[in-house]
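What follows is each chain in one-letter form.
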Amino acid sequence: MMKYSIAIFDLDGTILDTLDDLADSTNYVLTKAGMPTRTRDEVRRFVGNGIHKLIERAVPANTSDEQIESVFEAFKEHYKSHSAIHTRPYDGTIELLTALRNGGCKTAVVSNKADFAVKDLCEQYFPHMFDIAVGERENVRRKPAPDAVNAILDTLNISRENAIYIGDSDVDIETAKNCGMDCISVTWGFRDREFLLEHGAQKLISEPDEIRKLILE
């Protein structure tokens with residue numbers, strides 16, 4: 001018997017390795033604006049709170065709000081057509097999602113990435129593998145606020161006791177906590193094991209198949 005009725009996933013760093021495309025778009029717009037570029041590891045540390053926060057962190061200190069908005073708009077435009085150059089699913093994630101759905105478990109994505117990119121990437125890399133996939137939208141608070149997760153649970157009429165949230169960052173841990181639901185933290189994403197433990201990780205997973213076993217067996 002399944003332990004959970006729905007598995008809600010973060011996107012970047014959890015099921016999809018998007019780091020290289022995020023770094024490339026970030027450095028493209030920084031260069032265009034005459035600003036210093038950032039390393040891949042710097043961009044790794046900057047992601048997790050939405051693309052606006054990524055740009056805020058990537059631009060030099062004391063950059064004006066007007067300049068930040070200009071770089072942000074340029075990033076959105078560039079990333080929209082360059083979000084799937086190097087991006088790929090993490091090994092084992094497609095098999096995991098297939099097994100969950102075949103086992104009767106619903107699946108969803110809640111991400112702080114822009115909603116258009118979440119929907120495009122999910123359709124491209126995981127066609128028909130999610131009941132619902134949502135990203136950052138106007139008038140909906142970003143994770144770690146519980147709003148988007150709660151909306152999915154309400155839409156699908158599933159209690160939080162029967163749901164689990166799966167992510168790779170402190171933001172995801174806080175999201176699950178704010179939703180009052182269980183959390184799995186994966187170690188292959190944008191934050192390492194030590195960081196996740198320091199930020200209250202409940203359950204650490206190093207292989208996607210471990211998630212299948214936790215939910216279905």
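Preceding block: the structure.
Residues numbered from 1 in each chain as written. Predicted model: local features only at pLDDT ≥ 70, side-chain atom pairs only at ≥ 80, totals over all residues. Heavy atoms only, no water.

Draft legend 1. Structural detail: the nonpolar core. Within the largest apolar cluster, 50 residues are counted, with the highest numbers of intra-cluster contacts made by Phe-9, Val-109 and Ile-211. Contact partners of Ile-211, with chain neighbours within four places excluded, come to Leu-96, Ile-166, Ile-184, Val-186, Trp-188 and Ile-205. (Core = buried A, V, L, I, M, F, W, Y, C linked by side-chain atoms within 4.5 Å. Buried < 20%, exposed > 50% of the residue type's maximum accessible area, 1.4 Å probe, protein only. Contact = heavy atoms within 4.5 Å.)

Draft legend 2. A look at the pairing of strand E6 (residues 163-167). Burial runs high along E6: 5 of the 5 residues are buried. Direction of pairing for E6 relative to strand E7 (residues 182-186): parallel, over a ladder of 4 bridges. The residue of E7 that forms the bridge with Ile-164 is Asp-182. With helix H8 (residues 170-179) bridging E6 and the parallel E7, this β-α-β connection has right-handed handedness. (Helix = DSSP H or I, 4+ residues; strand = E, 2+ residues; numbered from the N terminus. Pairing = 2+ DSSP bridges. Right-handed = clockwise from strand over helix to strand, strands pointing away.)

Draft legend 3. The arrangement of the pattern of salt bridges in detail. Tallied over the entire structure, the rule returns 17 salt bridges. A salt bridge links Lys-143 to Asp-10; its shortest N-O distance comes to 3.0 Å. Of this pair, Lys-143 sits in the loop between strand E5 (132-136) and helix H7 (147-156) while Asp-10 sits in the loop between strand E1 (6-9) and strand E2 (16-17), and the two are 133 residues apart along the sequence. By relative accessible area, which is 6% here, Asp-10 ends up buried. Between Asp-170 and Arg-191 there is a salt bridge whose closest N-O contact spans 3.9 Å. One end of the pair, Asp-170, is in helix H8; the other, Arg-191, is in the loop between E7 and helix H9 (193-198), with 21 residues separating them in the sequence. Arg-191 sits in the buried class, given a relative accessible area of 11%. In this structure, a network of salt bridges that share partners links the residues Asp-209, Arg-212, Lys-213 and Glu-217. (Salt bridge = Lys/Arg side-chain N within 4 Å of Asp/Glu carboxyl O.)

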